[in-house]
Amino acid sequence: AKQISVDKYVSHDLQHLAPRVVQLVENFQMDLSMVNSMLAELNTSDAYSVVACRWLQSNTQTWQAWLPKASECLPRFGVYHPQSGFLSAPSGDVTNDLECR
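The structure presented is a predicted model; accordingly, all values stated were derived computationally and were not measured. (Residues numbered from 1 in each chain as written. Predicted model: local features only at pLDDT ≥ 70, side-chain atom pairs only at ≥ 80, totals over all residues. Heavy atoms only, no water.)

Here we look at the overall build of the protein chain
What the protein chain contains, in helices and strands, is five helices and three strands. The order of helices and strands in the protein chain, counted from the N terminus, is α-α-α-α-α-β-β-β. Within the span of the protein chain, comprising 101 residues, buried residues form 18% of the whole. For the protein chain, restricting intrachain contacts to residue pairs at least 6 apart in sequence, the fraction spanning at least 24 positions comes to 46%. Put simply, the protein chain shows about 8100 Å² of open surface, and 56% of that area lies on carbon and sulfur atoms. (Helix = DSSP H or I, 4+ residues; strand = E, 2+ residues; numbered from the N terminus. Buried < 20%, exposed > 50% of the residue type's maximum accessible area, 1.4 Å probe, protein only. Contact = heavy atoms within 4.5 Å. Areas by Shrake-Rupley, 256 points an atom, 1.4 Å probe, with all protein chains shown as cover.)

Some remarks on the pattern of salt bridges
Under the defined criterion, the tally for this structure stands at two salt bridges. One salt bridge in this structure joins Arg54 and Glu41, with 2.7 Å as the shortest N-O distance. Residue Arg54 is found in helix 4 (residues 48–58), and its partner Glu41 is found in helix 3 (residues 32–41); the two are separated by 13 residues along the sequence. Take Arg54: its relative accessible area is 28%, and that puts it in the partly exposed class. Residue class for Glu41 comes out partly exposed when judged on its relative accessible area of 29%. Put simply, Arg54 and Asp46 hold a salt bridge, and the shortest N to O gap is 2.7 Å. A residue is classified by how much of its surface remains accessible, and Asp46, at 25% relative accessible area, is partly exposed. What you see here is one network of salt bridges that share partners, running through Glu41, Asp46 and Arg54. (Salt bridge = Lys/Arg side-chain N within 4 Å of Asp/Glu carboxyl O.)

Concerning the confidence of the model for the protein chain
For the protein chain, the mean per-residue pLDDT works out to 77, and 68% of the residues sit at or above 70. The element-level mean pLDDT for the protein chain is lowest in strand 2 (residues 86–88), coming to 61, with helix 5 (residues 60–64) highest at 93. (pLDDT = per-residue confidence, 0-100.)

Side note on a nonpolar patch on the surface
Nonpolar side chains collect at one region of the surface, where Ile4, Val6, Leu32, Val35, Leu39 and Tyr48 lie side by side and expose about 580 Å² of accessible area between them. If you tally residues by element for the nonpolar patch, the top one is helix 3, at three residues. (Patch = residues over 30% accessible without salt bridge, like charges linked within 9 Å, V, L, I, M, F, W, Y side chains within 5 Å.)

Concerning the layout of surface pockets
Of the volumes computed, that of the largest pocket is approximately 740 Å³. Lining of the largest pocket is provided by 18 residues; of these, Ser5, Val6, Phe28, Met30 and Met38 occupy positions nearest its centre. At the level of elements, helix 2 (19–27), helix 3 and helix 4 are the ones that each hand at least two residues to the lining of the largest pocket. Looking at which element gives the most residues to the lining of the largest pocket, the answer is helix 4, with five residues. In terms of residue class, the lining of the largest pocket is built from 16 nonpolar, one polar and one charged. (1 Å grid on protein atoms, 1.4 Å probe; cavity = no way out; pocket = protein on both sides within 12 Å on 5 of 7 lines; lining within 4 Å. Points joined across faces, edges and corners; volume = space filled by probe spheres on them. Nonpolar A, V, L, I, M, F, W, Y, C, P; charged D, E, K, R; others polar.)

Below, the structure is given as structure tokens:
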């Protein structure tokens, strides 16, 4: 039988070091039906990475909702327009082509 390792990592200052990672973890939601679906796929001869990749490709809308929005800036970051290179303080005037840096 295949064994799957589930690991937990802790950092007391993760919010300071990687606030977008914290947002991702806070947004992460996976219900039992999703887990059962992936576990059923592991009964095939496919590698774990293949099953995970197939799930990601089939559930783009689900996992994209977990990602922090690129245009929502955290403290100490400004709005950046990749084409113009313009960097400014965050404002309410946000479009889809802006990022925070």
